[in-house]
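The primary structure of each chain is shown beneath.
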Amino acid sequence: MPGRMALLNYVIRRVLYAIPILVGVNLITFALFFVVNSPDDMARMQLGVKYVTPEAIDKWKAERGYDKPLVFNAAADGVARLTQTIFFEKSVAMFAFDFGRADDGRDIAHEIRMRMLPSLAIALPVFLLGLATHIVFALTMVLFRATYVDFWGVVLCVALMSVSSLFYIIGGQFLVSKLWHLVPISGYGDGPDAVRFLILPVVIGVLSGAGASTRWYRTLFLEEMGRDYVRTARAKGLPERLVLFRHVLGNAMIPILTGTVVVIPLLFLGSLIAESFFGIPGLGSYTIDAINSQDFAVVRAMVFLGSLLYIVGLILTDVSYTLVDPRVRLE
Amino acid sequence: MTSFKPVVLWTDAFVYLLLVVVFAFAWHVRRNERLLAPWRRVGRSASGMAALTVLGCFIVVGLLDTVHLRPAVEHGGDAGGEQAYSVEVLSLLDVLATPLRTRVEKTYSAPFSAFLYARETVELPDGHQIRTFPRLQFGGAHLQDPDSELVADVAGRAAAGAGLGLLAWGMAVVALGGWLARRGARGWRETLAAIRRGATPVQWNVVCITLACILPLCGAALALADSYHILGTDKVGQDVFYQSLKSIRTGLVIGTLTTLMMLPFALLLGIMAGYFRGWVDDVIQYLYTTLSSIPSVLLIAATVLMMQVYIETRPEWFDTAAARADLRLLFLCVILGVTSWSGLCRLLRGETLKLREMEYIQAAHAFGVSHWRIIGRHILPNVMHIVLIATVMDFSGLVLAEAVLSYVGVGVDPSMISFGTMINAARLEMAREPMVWWTLLAAFGFMFALVLSANLFADAVQHAFDPRKKMLSATMPPRHARAARRAGRQPQASSSASVTERAPRP
């Protein structure tokens with residue numbers, strides 16, 4: 001089938017394009033973590049700025065493998081001149097998903113694999129439920145456009161947008177868990193038990209994104225309402241409900257996909273704040289803990305992983321266009 | 001309080017620069033009818049003007065908090081010696097709010113309370129010890145018997161303050177009427193009547209109504225803040241109202257300076273990419289794709305961590321703690337600017353790509369006008385509306401981002417008061433028994449007012465400036481919209497996607 005071959009070709013080409021970007025990201029993180037501050041600076045910061053001995057710094061560097069030259073090792077021979085360096089061992093190795101060890105001695109790649117599932121368990125329902133409810137609310141507002149329903153809907157959206165996500169979590173935990181005792185405040189369990197812990201974070205996640213998304217979808221749909229096919233659909237006697245949910249929704253899929261498919265791979269990373277508030281052992285809380293304990297290796301790994309997933313998301317977005325709109329051709 | 005030494009911190013300097021830019025821009029716009037037209041549309045928007053009034057109040061507080069100084073230290077004896085200055089950097093707001101700043105209680109106290117929020121063992125004059133809520137050192141200290149006098153005292157002071165506020169409001173309205181009457185060459189009475197009917201080109205009636213809500217409230221708050229902690233005190237006994245006022249500047253600085261920092265780069269690179277195309281375009285596109293491919297929170301976290309190390313290992317750079325916190329704030333603005341830079345750059349590139357094919361630019365080419373002249377005279381003025389819309393739309397998001405980043409631990413310096421640090425310090429207080437709710441409520445209220453007014457103002461600006469965007473029904477009062485529908489005209493957006501409409505950030 002020529003169509004499938006074209007798609008495959010396209011994906012291969014996009015993956016090749018992604019390589020220079022990942023190299024760029026790698027160089028940025030390398031510069032950020034090893035050039036702006038020398039490993040000595042980092043050691044001094046972590047060991048306490050004033051009272052630190054050179055021996056302690058050397059030990060700290062040796063434990064983490066930071067005691068090698070940055071990019072060129074004159075003491076070694078042959079290829080080892082390039083490979084026995086911080087750049088090769090810490091930055092280039094990330095392409096092979098070798099992220100090294102965290103400060104507590106655990107393998108970062110292993111931790112990431114362990115923590116992906118809890119992150120996904122909260123991020124995926126938030127994403128799917130959010131998408132569905134926000135689109136339905138937006139379509140309802142468009143159905144009642146230019147009435148009080150629409151007007152107050154937009155007012156509500158702007159008000160919801162103006163509340164910090166921190167307050168949604170704090171307020172939700174207070175009302176639902178502390179006042180009404182409906183679900184536990186925080187924690188995580190395995191299997192069916194996890195549902196109890198996940199309800200509140202998911203509901204809060206959907207709610208905190210409601211304002212901005214609903215308003216954005218509403219604008220998209222209103223733009224589609226002015227097209228000719230809408231008039232045609234009405235002219236042939238379709239009820240407004242069907243016009244909206246079948247024709248307008250279908251045609252607004254391209255801009256919706258642009259904004260949503262990109263974030264699907266990033267769901268693996270979880271949410272920084274929600275996970276730390278609700279005590280979910282996912283990648284988000286892993287990152288926060290790393291930031292607070294200044295575990296540079298973990299933060300570096302997460303930056304690389306994040307940009308990798310983002311690029312995967314971009315490719316998926318382009319592929320998804322062809323699925324919803326056969327007119328889109330890949331070149 | 002005799003002498004002081006003015007201090008200009010880094011962010012202060014940039015705020016002054018921003019003020020100069022804003023005034024220069026306003027002066028330029030006033031002389032140019034074509035540029036003035038969209039601003040007139042903003043002036044006609046009721047929600048926009050109300051939001052602008054609220055924002056104006058916040059900006060006044062923020063500016064007061066921007067003028068910094070170091071007071072002289074009193075030292076006994078040798079008058080001939082060199083004047084020494086305190087290591088503590090104060091702002092004009094700090095000086096005005098000295099009572100709020102210095103009246104520190106022992107620990108938590110509820111709003112308007114005359115007692116501490118925690119029981120303490122107090123020794124009675126007769127030698128007995130009891131567990132009770134001790135009186136506050138400052139809050140309500142003038143009352144003999146707080147239980148019976150407090151309500152009447154608070155009501156009396158609030159009424160007096162609100163009365164003064166109303167008086168100030170009346171004077172402001174009269175002054176406004178006088179000013180408009182002189183400009184419009186009309187009678188004073190006639191002008192006031194026009195304002196009341198909303199028949200002025202700018203919606204002054206909305207401004208007056210908003211001020212009528214704000215000024216008495218401010219008056220009452222100020223009158224009460226003198227003798228009570230109107231929003232309570234936090235764990236170390238600091239006044240929460242004072243903290244809320246201080247947070248305003250941090251929010252405003254982050255919201256505005258971030259854009260100011262990234263604007264030169266975004267403008268230059270975006271226009272260059274669109275104008276020169278070819279390899280310049282490729283390089284610039286590669287640059288912003290790479291930067292934007294790192295999730296922004298992670299990039300910010302990594303950069304701030306590294307900046308912390310950099311600052312921490314070089315303590316000799318800073319003579320005061322405020323200077324260090326300030327430089328951190330500036331760095332945070334720069335970093336936020338770098339992460340939000342790519343969106344604007346992409347928009348500018350797209351618009352320039354379109355503009356460069358326009359006939360007037362082709363004509364300029366044919367006349368041999370140089371590239372940089374074309375960019376400066378023909379392209380730059382025609383992309384400014386995008387810059388303006390992006391600036392006002394980003395503002396509220398940045399204020400919200402500050403709170404989240406400070407919570408994550410990569411925000412402003414912990415010693416700098418901001419909404420984020422307030423929330424961060426208070427987040428465990430809801431779980432405390434008995435619960436301490438006022439810090440969070442204060443941060444919520446102030447932040448909500450600031451962000452909501454910024455959002456509404458941004459909407460008004462966007463509707464006024466975006467040429468491809470007609471009024472959507474929701475900004476039209478429902479009455480008018482329904483009338484329009486009855487008349488057969490459905491209010492709807494234009495067919496092409498608006499340039500500045502953006503997906504919400506994930």
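In this text the structure is predicted, and so the values were computed from the model without any measurement.

Our focus in this paragraph is the overall build of chain A. Secondary structure summary: chain A contains 17 helices and zero strands in total. If one aligns the C-alpha atoms of chain A with their principal axes, the spans along those axes are about 80 × 60 × 35 Å. Contacts spanning at least 24 positions in sequence make up 68% of the contacts within chain A whose residues lie at least 6 apart. Averaged over its 29 positive side-chain charges, chain A has a centre that lies 9 Å from the centre of its 26 negative ones.

Taken residue by residue, the interface counts 67 residues in chain B and 64 residues in chain A. Here chain B meets chain A over a buried area of about 5700 Å², counting both sides, of which 73% is carbon and sulfur. Broken down residue by residue, the surface that chain B buries against chain A is led by B:L298, B:M306 and B:Y407, which jointly contribute 11%. Scanning the region where chain B abuts chain A turns up one salt bridge.

Moving on, we get to empty space enclosed by the protein. Residue and element names in this part refer to chain B. The final tally for this structure, using the stated rule, is two cavities of 30 Å³ or more. Contributing to the lining of the largest cavity are P99, L100, R103, F138, G139, A225, D226, S227, Y228, H229 and D239. Grouping the amino acids of the lining of the largest cavity by side-chain chemistry returns five nonpolar, three polar and three charged.

What follows deals with the confidence of the model for chain B. Residue and element names in this part refer to chain B. Taken residue by residue, chain B gives an average pLDDT of 83. The fraction at 70 or more is 90%. Under a pLDDT of 50 for its full length, residues 470-506 has, in the predicted model, 72 contacts with residues more than four places off or in other chains. ipTM for the predicted complex: 0.87, alongside a pTM of 0.87.

Moving on to the pattern of salt bridges. For the coordinates displayed, the defined rule picks out 20 salt bridges over all chains. The salt bridge partner of A:R14 is A:D318, with a shortest N-O separation of 2.3 Å. One end of the pair, A:R14, is in helix α1 (residues 2-35); the other, A:D318, is in helix α17 (residues 296-324), and 304 residues separate them in sequence. Residue A:D318 is classed as buried on the basis of its relative accessible area, which comes to 17%. B:R356 is the partner of B:E357 in a salt bridge, and the nearest nitrogen-oxygen pair spans 3.2 Å. Using a relative accessible area of 44% as the deciding quantity, one classes B:E357 as partly exposed. We classify B:R356 as buried; its relative accessible area is 16%.

All names here are of chain B. Taking 1.5 Å per residue, 21 residues should reach 30 Å; helix α1 (residues 10-30) reaches 30 Å between its end C-alpha atoms and fits that length. The complete set of buried residues in α1 reads T11, D12, V15, L18 and V29. Viewed along the axis of α1, the buried residues span an arc of 115 degrees, placing them on a single side of the element. Exposed side chains of α1 directed beyond 90 degrees from the buried face belong to W10, V20, F23 and W27. Looking at the buried positions of α1, the neighbouring elements they touch are β1 (4-7), α2 (33-44), α3 (46-64), β2 (68-71), α9 (240-276) and α12 (321-355).

Reading the values: rules and limits
Residues numbered from 1 in each chain as written. Chains lettered and ligands numbered in written order. Predicted model: local features only at pLDDT ≥ 70, side-chain atom pairs only at ≥ 80, totals over all residues. Heavy atoms only, no water. Helix = DSSP H or I, 4+ residues; strand = E, 2+ residues; numbered from the N terminus. Contact = heavy atoms within 4.5 Å. Lys, Arg positive; Asp, Glu negative; His and termini not counted. Charge placed at Lys NZ, Arg CZ, Asp CG, Glu CD. Buried area = accessible area lost by both parts, 1.4 Å probe. Salt bridge = Lys/Arg side-chain N within 4 Å of Asp/Glu carboxyl O. 1 Å grid on protein atoms, 1.4 Å probe; cavity = no way out; pocket = protein on both sides within 12 Å on 5 of 7 lines; lining within 4 Å. Points joined across faces, edges and corners; volume = space filled by probe spheres on them. Nonpolar A, V, L, I, M, F, W, Y, C, P; charged D, E, K, R; others polar. pLDDT = per-residue confidence, 0-100. Buried < 20%, exposed > 50% of the residue type's maximum accessible area, 1.4 Å probe, protein only. Expected span 1.5 Å × (residues − 1). Arc of directions from axis to C-beta.

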